[in-house]
Amino acid sequence: MAERRRPGYNVHREVLDEGAVEELAKKSEVTTSLSEKVKKSLRCSGPKVKSCLLGTVPVLSWLPRYSFKENALGDLISGISVGIMQLPQGMAYALLASVPPVFGLYSSFYPVLIYFIFGTSKHISIGTYAVLSVMIGGVIERVAPDSKFMVWDDVTNSSIVNETARDAERVHVAATVTLLSGLFQILLGLVQFGFVVTYLSEPLVRGYTTGAAVHVIVSQLKYTFGISPPRYNGPMSLIYTVLEVCYLLPETNIGTLVVSIVAITGLILLKELNAYLSKKLPIPIPVELLGVVLATIISWQVDLNGKYEVDVVGLIPSGLQPPAAPMASLFGQVIGDAFALAVVGYGIAISLGRIFALKYGYKVDSNQELIALGLSNSIGGFFQCIPISCSMSRSMVQESTGGKTQVAGALSAVVILVITLWIGKLFEELPKAMLAAIIYVNLHGMMKQFLDIPVLWRSNKIDMVVWIVTFILTVLLNPDLGLAASIGFSMLTVIFRTQLPKYSLLGQVPETDIYRPLEDYNQVKEVPGILIFRSSATLYFANAEMYQEALGRKIHKDYGQIGVEVFLAGCQTGVVDNLQTGGFFNEKVTKSCLFSTVHDAVLYCQSFIKQSQDKGLYKEMTETHF
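In this text the structure is predicted, and so the values were computed from the model without any measurement.

(A) Layout of the confidence of the model for the protein chain. Per-residue pLDDT for the protein chain has a mean of 84; in total, 89% of the residues score no lower than 70. Element-level pLDDT for the protein chain is lowest in strand E10 (residues 621-625), with a mean of 43, against a maximum mean of 95 in helix H7 (residues 110-118). Here residues 558-563 is modelled with pLDDT under 50, and outside its nearest four sequence neighbours on either side it reaches seven contacts, counting other chains as well. Throughout residues 620-626 the model reports pLDDT below 50, and contacts reaching past four residues in sequence, or to other chains, amount to 51 contacts.

Written as structure tokens, this is what we have:
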């Protein structure tokens, strides 16, 4: 292999301190007042109105330029594939949300069309999502528990649940929380709060979704075993639910358990076949749809519900529901839950959207995504939808089957519309155990996230701690409280990192102006007579004392008691401005003590040492670098 040729690098200039740089660059003293900034932002013009309109309604910017030749076929195949996938997932995730399955189909229709108009990602698949469904399910079970709808049955001489009244109430609660969650997202988007996603680090998001997946799995055990454990709310509810399930295991419905085992085994085998044939098939096998169709036919032919008491989906009304007003009286009870749903749904959607945007070279607007999701949820709330976000599995299918734009998403909504209007009624005999099996199999990707732990152990132990603590808090405190506690812990680690930075002594790479830590490189040499000390974090009041102690340790001397010249190097313009505003400079400490680069400071120190030696006044010097 030929040796890589490196261009020569030669710079000839004077050593420049900060004062000299400002004089040479002619720093501008002109500042814009707050009133002028406000006037400029409010000033209206044709181009500004057009830019604002296209930014607020992105579909107007890309749909007129849509290339049918390049994108239509891929979007069509992708839309049909995702729509078929939305059917079983929407019904299954509606069960997670404790509402009838058909409302999962509505949630796969209205919000998808709204996002098509206002969203900026070309590849994510909007619709029902397991984590949000289990979160809203917890809210619904708390506000509208079974105990609230108990009635006396004269036939059995016992109390039973009025499921019709209960389901109607729960749908209203879900729609109200969905609307409120959407309003939060719109408000956050309007105040440019999209930057909040930077505080949702990848270890936090992955630890959180893994913990939430455990809640999802536990919530579906009742459908797997055909039992009816009470639903617990609040901290430790998952532990109580597991104990209750274990207690009720002797009452397992054998028919339901057999359906579950066969369904899970069949789905896994078909998924593996799909992966094996992925390169040979133009589109993946619709595994979930195939399973739903077969399970429905078998249930209908064998009469699983009548003969073996296997719980089935039940009545699925044809057509769409008319819009309904939310229950404003509930706002006070669910406002915290709605905010948590807003943040979680946005965090998941923007994280996945940015991954696809980076892969395909386009930009996802974080604030516009908030508004798009907010409109999808708030408008969907009027049509009895549950909260939505994007699904990793559906998004991967949308991309892998050739989807190029959100036209694929709109087409998937059309598929759901057709199913809802004419076909949905055919799935009334579908066993709920089949939907639970679909949820289990679709969560295997989240369960693989446990493999993050050894990877993070090798790369960043603090990130590993964030992942583990987030997972534990989410499991123990439930997804809503767990998220708040996890973000708080993550913020503490940020403070911890800034208060415990890495301190290093730097040396020079021979014959270069490059400086590296002495302890990390063998060929890096200390500059004679000069100590270069560096902190990996910005110096501020919380770590100033530790900085001073670390500097003292690095030189095993008290630099305040000996003759030492101190210089700062590598300070950026903002830091210099803050020093000046804070009154750091005076007659003795001027900007001549600051240098833009370490090498400038070293050359200045060497010149100063030589002058001192010539005058017989040499003293040890230290140069500090932030």
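(B) The nonpolar core, seen in detail. Judged by nonpolar contacts, the single largest core of 118 residues is most densely connected at Met 91 and Val 99. It is helix H16 (residues 331-360) that contributes the most residues to this core, 14 residues altogether. Excluding residues within four positions of it along the chain, Met 91 makes contact with Pro 101, Leu 105, Val 313, Ile 316, Phe 427, Leu 430 and Leu 435. The next biggest cluster of nonpolar side chains, apart from the first, holds nine residues, and it includes Leu 506, Tyr 515, Val 527 and Val 602.

(C) Up close: the packing of H7 against helix H17 (residues 366-382). Viewed as axis vectors pointing N to C, H7 and H17 meet at an angle of 150°, and their least axial separation amounts to 8 Å. One way to sum up the angle between H7 and H17 is to call them roughly antiparallel. In the packing of H7 onto H17, the handedness of the crossing is right-handed. Residues Pro 111, Ile 114, Tyr 115 and Phe 118 of H7 touch H17, and the partners they reach there are Gln 368, Glu 369, Ala 372, Leu 373, Leu 375, Ser 376 and Ile 379. Residue composition of the contact of H7 with H17, by class: eight nonpolar, two polar and one charged.

(D) Molecular detail of helix H10 (residues 202-219). The end-to-end C-alpha distance of H10, which contains 18 residues, comes to 26 Å, matching closely the 26 Å that a straight helix rising 1.5 Å per residue would cover. Within H10, 15 of the 18 residues are buried, which leaves it mostly tucked inside the rest of the structure.

(E) Examining unusual backbone geometry more closely. Unusually for a residue other than glycine, Gln 192 sits at a positive phi of about 60°. Note that Gln 192 resides in the loop between helix H9 (163-190) and H10. Residue Met 236 is not a glycine yet carries a positive backbone phi of 70°. Along the chain, the position of Met 236 falls in the loop between helix H11 (221-225) and helix H12 (237-248). On the basis of relative accessibility, which here comes to 34%, the residue Met 236 falls in the partly exposed class.

(F) Examining the packing of aromatic side chains more closely. Using the criterion set out here, one finds eleven aromatic pairs in the structure. Aromatic side chains Tyr 66 and Phe 68 sit 5.2 Å apart centroid to centroid with 90° between the ring planes, which places their arrangement in the edge-to-face category. For Tyr 66, a relative accessible area of 12% corresponds to the buried category. Ring pairing ties together the aromatic residues Phe 109, Tyr 110 and Phe 383, which thus form one cluster. Cation over ring: Lys 122 sits above Tyr 362, and NZ or CZ is 4.8 Å from the ring centre.

(G) Inspection of the pattern of salt bridges at higher detail. Counting across every chain of the model gives twelve salt bridges. When the shortest N-O distance is used, the salt bridge between Glu 288 and Lys 271 registers 3.0 Å. Linking Glu 288 in helix H14 (residues 287-302) with Lys 271 in helix H13 (residues 254-276), this pair joins segments that are 17 residues apart in sequence. For Glu 288, a relative accessible area of 6% corresponds to the buried category. Overall, the relative accessible area of 24% leaves Lys 271 in the partly exposed class. Here Asp 311 ties to Lys 432 by a salt bridge, and the two come within 3.5 Å at their closest N and O atoms. One end of the pair, Asp 311, is in the loop between helix H15 (304-308) and H16; the other, Lys 432, is in helix H20 (residues 432-442), and 121 residues separate them in sequence. Take Asp 311: its relative accessible area is 41%, and that puts it in the partly exposed class.

About the thresholds
- Residues numbered from 1 in each chain as written.
- Predicted model: local features only at pLDDT ≥ 70, side-chain atom pairs only at ≥ 80, totals over all residues.
- Heavy atoms only, no water.
- pLDDT = per-residue confidence, 0-100.
- Helix = DSSP H or I, 4+ residues; strand = E, 2+ residues; numbered from the N terminus.
- Contact = heavy atoms within 4.5 Å.
- Core = buried A, V, L, I, M, F, W, Y, C linked by side-chain atoms within 4.5 Å.
- Buried < 20%, exposed > 50% of the residue type's maximum accessible area, 1.4 Å probe, protein only.
- Axes fitted to C-alpha atoms, helices over the stretch in contact; angles between N-to-C directions.
- Parallel < 35°, antiparallel > 145°, perpendicular 65-115°, else oblique.
- Left-handed = near helix turned anticlockwise from the far one by under 90°.
- Nonpolar A, V, L, I, M, F, W, Y, C, P; charged D, E, K, R; others polar.
- Expected span 1.5 Å × (residues − 1).
- Phe/Tyr/Trp six-rings, centres within 6.5 Å; stacked < 30°, edge-to-face > 60°.
- Lys NZ or Arg CZ within 6 Å of the ring centre and 35° of its normal.
- Salt bridge = Lys/Arg side-chain N within 4 Å of Asp/Glu carboxyl O.

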